[in-house]
Amino acid sequence: MFAIIGGTSLLDCRIFSGWTEETVETPFGTVTVKRGDGVVFLQRHGSPPLPPHRIRHRANIAALKELGVHKIVAVNSVGSLTFSLEPGTLLVPDDFVSPWHIETFFDDEMRFMIPVMDGNFAHEVFVACREHTMAVRMGGIYVQTIGPRLETRAEINILKGFGDIVGMTLASEATLAMEMDLPYASICSIDNYCHGIVEVPLTMDEIRANVTRNLSTIESVLDTLITRGLS
Ligand code: HPA
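Since the structure is predicted, the reported quantities are computational estimates derived from the model, not experimental observations.

Trainee: Tell me about helix H5 (residues 204-228), and please be specific about residues and values.
Mentor: If you check H5, its first and last C-alpha atoms are 35 Å apart, about what 25 residues at 1.5 Å a residue would give, namely 36 Å. The largest bend in H5 amounts to roughly 35 degrees and is located at Leu 215. Residues of H5 that are buried include every one of Ile 207, Asn 210, Val 211, Asn 214, Leu 215, Ile 218, Glu 219, Val 221, Leu 222, Thr 224, Leu 225 and Ile 226, and no others. In this structure, the buried side of H5 is in contact with strand S1 (2-6), strand S4 (39-43), strand S5 (71-80), strand S6 (90-92), helix H2 (119-130) and strand S11 (184-193). Following H5 by one or two positions, Gly 229 has its phi on the positive side, about 75 degrees.

Trainee: Go over the side chain of Thr 145, please, and point to the residues and values.
Mentor: Here Thr 145 is to be found in the loop between strand S9 (141-144) and helix H3 (153-159). Here the side chain of Thr 145 touches Glu 151 through a polar contact of 2.7 Å, side chain to side chain. If we skip the residues at most four places from it in the chain, Thr 145 touches Trp 100, Glu 151, Leu 159, Val 166, Gly 167 and Met 168.

Trainee: I'd like a rundown of the packing of aromatic side chains, residues and numbers included.
Mentor: One pass over the full model with this rule turns up five aromatic pairs. Where Phe 28 meets Phe 105, the ring centres are 5.5 Å apart and the plane angle is 55 degrees; that geometry is what we call tilted. Of the two residues, Phe 28 sits in the loop between strand S2 (20-26) and strand S3 (29-35) while Phe 105 sits in the loop between strand S7 (95-97) and H2, which places them 77 residues apart along the sequence. Measuring from centroid to centroid gives 6.2 Å for Trp 100 and Phe 162, while their planes differ by 25 degrees, and the two rings are stacked. Residue Trp 100 is found in the loop between S7 and H2, and its partner Phe 162 is found in the loop between H3 and strand S10 (165-167); the two are separated by 62 residues along the sequence. Residue Trp 100 is classed as partly exposed on the basis of its relative accessible area of 39%.

The rules we used
Residues numbered from 1 in each chain as written. Predicted model: local features only at pLDDT ≥ 70, side-chain atom pairs only at ≥ 80, totals over all residues. Heavy atoms only, no water. Helix = DSSP H or I, 4+ residues; strand = E, 2+ residues; numbered from the N terminus. Expected span 1.5 Å × (residues − 1). Bend = angle between axes of the 7 residues up to and from the residue. Buried < 20%, exposed > 50% of the residue type's maximum accessible area, 1.4 Å probe, protein only. Contact = heavy atoms within 4.5 Å. Polar contact = N/O pair within 3.5 Å; in protein donor to acceptor, adjacent residues only side chain to side chain. Phe/Tyr/Trp six-rings, centres within 6.5 Å; stacked < 30°, edge-to-face > 60°.

Any link to function would need more than the numbers given here.
Written as structure tokens, this is what we have:
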């Protein structure tokens, strides 16, 4: 069984509407998932939704481990740090930057995980995306900020030296998944240019419009992965 983790864009996703809800107790809190055939869906923000800086990542990943999930495909909304990566594009990252905020299960033991994203799994997810859109890129660096506010122009000026896209969730989830030996790959939905990358001022309306625009492609990719399963 594999898991799909989604964010606010998948709050009302048609795919999971008929699936049965199930609660999982973890040492970090109770988590609700929806179960399909060979797959579970986890809404990372919970219900009612918690803002990005308060998401209970440890409860989420521990719940998936508890359920016996063997792989995680996540959908993450991001901004672009590069003019050539236009909103409307999908990107499957192969590394991340988040040295200022590190989630861990290893608070009470001396364990030092060396974080490496699973390249073969990322490629498998990329291939599924490519079946539905030409606007998808394999590889790139995700920079995680803390949120909930977006970044200042000055911050983006610094961050564009660090990576390709910015979001508030992937590094935390990927780190915890690695600590639990769960391969994790993400479909990043590029929903805006980061603050100051283009002349046109960034607005939440622009972000919301692009989320909607990318959603139908992402739903098709998820349909494909659910029908086909993961290796
Ligand atoms: N910054 C951080 N997180 C985001 C952005 C952004 O520009 N767009 C979507 N999620």
